[in-house]
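# Fold and geometry: a report
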Amino acid sequence: MENQPNHTTVFLCRDDPDGIFTAVYDAWASRRGHACVRLQLEGPSTLELFCDYIPVTPDPQKADKVIGAIRQNISLQAWEAVYRAALSREERKADIIYRFLVAGFHYGPAVMEMLGEPAVQNLFALDRQVGNEAHFFTEFLRFDLMEQDILFAKMRPKSNVLSLVAPHFADRLSGENFLILDVGRSFAAIHPAGRSWYLLSIEKEQAEALLSQKPNSYRDLWKTFHSAIAVEARKNPKLQRSLMPLRYREFVTEFL
Amino acid sequence: MLIQENLNLQQKLEILSDAAKYDVACTSSGADRRGKAGTMGSAVACGICHSFAADGRCISLLKILMTNACVYDCKYCANRSSNDVVRTFFTPEEICTLTMEFYRRNYIEGLFLSSGILNTPDQTMELIYQTLWRLREIHRFWGYIHVKAIPGADPQLIQLTGQLADRMSVNLELPTVDGLKTLAPSKTRTRILTPMRQIQQGIRADSFRLPQRKTLKKDSDMFALPRHQEAPGQSPSFPLSPQESAPLKPFDPDISLPDTPGALKYASGSRFVPAGQSTQMIIGATPETDHQILSVTEALYRQFDLKRVFYSAYVALNNDSLLPAPGTPPPLLREHRLYQADWLLRFYDFSASELLTEDKPYFNLSMDPKCDWALRHLEQFPMEISKADYASLLRVPGIGVKSARRIVAARRHHSLDFDALKKLGVVLKRAGYFITCNGRMYRAIRLDEDYLALALSETDKRTRLRFEEGVGVYRQLSLFDDFYLTAGPKGTDVAKSISGQM
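Now for a quick tour of the structure. (Residues numbered from 1 in each chain as written. Chains lettered and ligands numbered in written order. Predicted model: local features only at pLDDT ≥ 70, side-chain atom pairs only at ≥ 80, totals over all residues. Heavy atoms only, no water.)

The helix and strand tally for chain B stands at 17 helices and 11 strands. Pairs at least 24 apart in sequence give 70% of the contacts found in chain B among residues at least 6 apart. Summed over its atoms, the accessible surface of chain B is roughly 21200 Å², and 52% of this surface lies on carbon and sulfur atoms. (Helix = DSSP H or I, 4+ residues; strand = E, 2+ residues; numbered from the N terminus. Contact = heavy atoms within 4.5 Å. Areas by Shrake-Rupley, 256 points an atom, 1.4 Å probe, with all protein chains shown as cover.)

All right, on to the overall build of chain A then. The secondary structure content of chain A amounts to nine helices and eight strands. For chain A, with 256 residues in total, the buried portion stands at 57%. Of the accessible surface of chain A, which amounts to about 10900 Å², a share of 51% is contributed by carbon and sulfur atoms. (Buried < 20%, exposed > 50% of the residue type's maximum accessible area, 1.4 Å probe, protein only.)

A few words on the sheet that holds strand E4 (residues 110–114) of chain B. Strand pairing in a sheet is mediated by backbone hydrogen bonds. Such pairs are either parallel or antiparallel. Residues and elements named next belong to chain B. Read across the sheet, six strands follow the order E3-E4-E5-E6-E7-E8 without closing on themselves; strand pairing throughout is parallel. Among the strands making up the open sheet, the edge pair consists of strand E3 (61–65) and strand E8 (308–313). Pairs of neighbouring strands in the sheet enclose a mean axial angle of 20°, with direction left out of account. Relative to strand E5 (residues 144–148), E4 runs parallel, the two being bridged by four bridges. Note on E5: the bridge partner recorded for Leu113 is Val147. Together, E4, E5 and strand E6 (167–169) form the strand contacts of helix H3 (residues 121–138), whose direction differs from that of E5 by roughly 175°. (Pairing = 2+ DSSP bridges. Axes fitted to C-alpha atoms, helices over the stretch in contact; angles between N-to-C directions.)

Once that is clear, we can look at helix H3 (residues 76–86) of chain A. Most of H3 of chain A sits out of view: eight of its 11 residues are buried. Among all positions in H3 of chain A, only Ala78, Trp79, Ala81, Val82, Tyr83, Arg84, Ala85 and Ala86 of chain A are buried.

To continue, consider the pairing of E8 of chain B. All names here are of chain B. Judged by how many residues are buried, E8 sits mostly within the fold: six of six residues are covered. Alternating residues of E8 divide into Arg308, Phe310 and Ser312 and Val309, Tyr311 and Ala313, and every residue in both groups is buried. For the crossover that starts at strand E7 (residues 277–283), traverses helix H8 (residues 290–304) and ends in the parallel E8, the hand is right-handed. (Right-handed = clockwise from strand over helix to strand, strands pointing away.)

The tally for this structure, following the rule as stated, stands at 23 aromatic pairs over all chains. Note on Trp222 of chain A and Tyr107 of chain B: the rings are 4.8 Å apart at their centroids and 15° apart in plane angle, and the pair reads as stacked. Remark: Tyr107 of chain B occurs in the loop between helix H2 (92–104) and E4 and Trp222 of chain A occurs in helix H8 (residues 218–228); the pair is interchain, linking two chains. You can call Trp222 of chain A buried: its relative accessible area is 0%. Each member of the aromatic cluster is reached from another via a ring pair, and the members are Phe136, Phe137, Phe140 and Tyr248 of chain A together with Phe52 of chain B. Lying across the ring of Trp142 of chain B, Arg33 of chain B places its NZ or CZ 5.0 Å from the centre. The ring of Phe304 of chain B has Arg197 of chain B lying over it, and the distance from NZ or CZ to the ring centre is 4.1 Å. (Phe/Tyr/Trp six-rings, centres within 6.5 Å; stacked < 30°, edge-to-face > 60°. Lys NZ or Arg CZ within 6 Å of the ring centre and 35° of its normal.)

Glancing now at the sheet that holds strand E3 (residues 51–55) of chain A. Residue and element names in this part refer to chain A. Spatial ordering of the open sheet is given by E2-E1-E3, a layout of three strands whose pairing is parallel. Every interior strand has two partners, whereas the edge strands, strand E2 (37–41) and E3, have only one. Pairwise comparison of adjacent strand axes, ignoring direction, gives a mean angle of 25° for this sheet. Looking at chain direction, strand E1 (residues 8–13) and E2 are connected through five bridges and run parallel.

Residue-level contacts link 93 residues of chain B with 93 residues of chain A. Between chain B and chain A, roughly 7900 Å² of surface is buried when both sides are summed, and carbon and sulfur atoms account for 60% of that area. Here chain B and chain A share six salt bridges between them. Across the pair Glu176 of chain A and Arg104 of chain B runs a salt bridge whose closest N-O atoms are separated by 2.9 Å. At the junction of chain B with chain A, the criterion picks out 25 residue pairs in polar contact (both at pLDDT 80 or more). At the level of elements, helix H1 (9–18), strand E1 (51–52), E3, H2, helix H7 (219–223), helix H9 (332–347), helix H13 (401–410) and helix H14 (418–423) of chain B are the ones that each hand at least two residues to the side of chain B that touches chain A. Among the residues forming the side of chain B that touches chain A, the class breakdown is 46 nonpolar, 22 polar and 25 charged. (Buried area = accessible area lost by both parts, 1.4 Å probe. Salt bridge = Lys/Arg side-chain N within 4 Å of Asp/Glu carboxyl O. Polar contact = N/O pair within 3.5 Å; in protein donor to acceptor, adjacent residues only side chain to side chain. Nonpolar A, V, L, I, M, F, W, Y, C, P; charged D, E, K, R; others polar.)

Turning to the nonpolar core, a few remarks are in order. With 205 residues, the main nonpolar core has Phe21 of chain A together with Phe102 of chain B as its most contacted residues. Sort the elements by how many residues they give to this core and helix H5 (residues 118–140) of chain A lands first, with nine residues. Setting aside anything within four residues of it in sequence, one finds Phe102 of chain B in contact with Tyr218, Leu221, Trp222 and Phe225 of chain A together with Leu13, Leu62, Tyr107 and Ile108 of chain B. Counting 14 residues, the second largest nonpolar core, distinct from the first, contains Met146, Ile150, Phe152 and Tyr198 of chain A. (Core = buried A, V, L, I, M, F, W, Y, C linked by side-chain atoms within 4.5 Å.)

Take empty space enclosed by the protein next. Enumeration over the complete set of coordinates arrives at five cavities of 30 Å³ or more. The space that makes up the largest cavity amounts to roughly 760 Å³. At the level of secondary structure, the elements contributing two or more residues to the lining of the largest cavity comprise helix H6 (189–207), E7 and E8 of chain B. Split into classes, the residues belonging to the lining of the largest cavity amount to 23 nonpolar, 11 polar and eight charged. Taken as a whole, the second largest cavity spans an internal volume of roughly 80 Å³. If you go around the second largest cavity, you meet 13 residues; those closest to its centre are Phe137, Lys154, Met155, Tyr248 and Phe251 of chain A. Of all the elements in the fold, those that place two or more residues in the lining of the second largest cavity are H5 and strand E5 (150–155) of chain A. Per-class residue counts for the lining of the second largest cavity are seven nonpolar, no polar and six charged. (1 Å grid on protein atoms, 1.4 Å probe; cavity = no way out; pocket = protein on both sides within 12 Å on 5 of 7 lines; lining within 4 Å. Points joined across faces, edges and corners; volume = space filled by probe spheres on them.)

This paragraph deals with H8 of chain A. All buried positions along H8 of chain A are accounted for by Tyr218, Leu221, Trp222, Thr224, Phe225, His226 and Ala228 of chain A. On its buried face, H8 of chain A sits against helix H9 (237–243) of chain A together with H1, E1, strand E2 (58–59), E3 and H2 of chain B.

Attention now goes to the environment of Arg440 of chain B. Residues and elements named next belong to chain B. Along the chain, Arg440 turns up in strand E11 (residues 440–441). For the pair Arg440 and Asp417, spaced 23 residues apart in sequence, the C-alpha separation works out to 9.3 Å. Residues in contact with Arg440, not counting those within four places in the same chain, are Phe418 and Ile435.

All names here are of chain B. Residue Pro382 is reached from Phe381 by a cis peptide bond, and omega for that bond is -5°. Secondary-structure assignment places Pro382 in the loop between helix H11 (369–375) and strand E9 (383–384). Notably, Asn106 is not glycine yet its phi reads approximately 65°, a positive angle. With respect to the secondary-structure elements, Asn106 resides in the loop between H2 and E4. When its relative accessible area of 1% is taken as the criterion, Asn106 is described as buried.

So, on to the side chain of Arg406 of chain B. Residues and elements named next belong to chain B. Here Arg406 shows up in helix H13. Its relative accessible area of 2% is what places Arg406 among the buried residues. In terms of polar contacts, Arg406 uses its side chain to reach the backbone carbonyl oxygen of Leu424, at 2.5 Å.

The subject of this paragraph is the state of the cysteines. Residue and element names in this part refer to chain B. Evaluated as defined, the whole model comprises zero disulfides over all chains. Cys70 carries a free sulfur, and the closest cysteine sulfur to it, the one in Cys74, is 6.4 Å from it. With a relative accessible area of 14%, Cys70 lands in the buried category. (Disulfide = S-S within 2.5 Å.)

Right, let's get into the environment of Glu203 of chain A. Residue and element names in this part refer to chain A. On the secondary structure map, Glu203 appears in the loop between strand E8 (198–201) and helix H7 (204–210). Glu203 sits in the partly exposed class, given a relative accessible area of 40%. Residues Glu203 and Phe187 lie 16 residues apart in sequence; the distance between their C-alpha atoms is 6.8 Å.

Right under this line is the structure:
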């Protein structure tokens, strides 16, 4: 029974990089053949017949081994792309990453140029989706100054981009205390002035209770600027909406 | 001219940003530096747009005038001395505070400071210099600064200012000498080109300096997975108590002026205008042809090493017999075609004479300049994707810099079909007419000029409609439509470009 062809083994993994890379490790180490394994995120989904389901326990050590292998045998660039893909909102991402790695460990660094391969295209599509969303948030994130000189920003990204966005701000605002809260996932990137940042699980209500609002006039000044800088004769809300989609505006000062 | 003294900051901001809005460039690109302890800010090579105004233009920088008072009476300008508008000014400290407070809230990428001429060019330039100096030295601002060089100001002042700024620009104002003479009699072409040349030479001299040693990124920090930390106690480890948090923003009002110009403390290796020089000209206020405008542009790129030339469709606001009547809609489609052609000059190795000639001095408004060029050179098509070299690929409508590079990289490993081309970012609804893939055409068509002209003009229709509805195009002509595909050569192609960027 075990090694029957066409019998698929599904590795169920937790939706975070550690979970996914541990599943990659386990699937590979199971030696069932790449065609006979599939990676899938945990969660409610229809069970299929003739499949074994194996839940994967995330193991940072196994994950680190996979990461090390990607960096060494494929390339750093590939690792960055795979890491971003692992943060995607896409349901099938775990398997897409697995398929890319099968190609990657076979071809080595050259895999990054094989844009005609579906395995590569799929991974790059995820990479792009996540990279673009992270970029949007470096653009449109807005901080509010709270009591005790803490900057507080809220975001609701579709993909889990907080860990891509936080380093950008930790670098440029190294002297500031700031907290960026992913409202949907209830965790935050916290940066104490002059130190390195870290992630913490925290609810929106909790965060808002910790930080008390400080009245500040810069919101109004910014709104004034934002409306004065537009040229009336070129007014074009449609264009504005396509460049700054409504879903990014939820916490954006000038649209509040 | 009466300058209002009793306005509050909000009123001043409203007046001085409104007065600055006709300046096109809102770019924050070209400079790349990481943050630095004790300062606020960083700069990203591709630039960052922070918002989009109601006209759809990118807002990247705090774009303001230092003052809208001006001794000149240029006919096209909203701030000309004969216009009856409220005049005011910002003090250097007010500009610094606004920049810093906006920046830390992630509203802006930096400052774009321009100004009307207050009494003399020298006095204006000096105030601008003082502002920048305060911003860098006292407020420790490490973000992006774009500043105007005032024509006619002391070269020494321009030199000093250039060491504090990332980008400098001098506005050409109008494409030709004649235009300038009619509409801005107090300005001359020579006076405008002098500081432009000075900045160019400054940048060149700077580029001969020894490169600074690059610090290697620490592997472990860059690539370690950010994992959740155990919650330290119950609350996050900040707010820190005041004594615990290091005073990282030294504010010392007694800080002395730097001993030697160019040896500023904010950057030990302070560079001169590292993000390069740009300029802009007004389109449609004077009767120049597209050919004239594009030739001037080409000359500016070749002879002055400019990073960007911007075009500003003239918004008719002043009443003057020499100008289009107030209310005339700005020529947005024409402006768009100019930007498209500008792109072809900078990244596609086209020359102005290939696109327009004296006999054909205007762009074909019904299709983009590259399609227009291809139609006139059908003998070069169809082009075989598996064989054509990079330079030829760039000439195909529907293939951009990024997709050409991807094609060259990918075809080394396997042959490409139309489906793969689509995934690489090739726009087949245009390219489809001009290429073959392993000998096959995309669809059966005749390479016939009239037929193609009709088909391509149909494809372009949506663009035109956007303009006819009174629409502009921004996040303009991005060099690649997806800014994160990690294939092929990196480096210069990170240049995301927006009218606001690059």
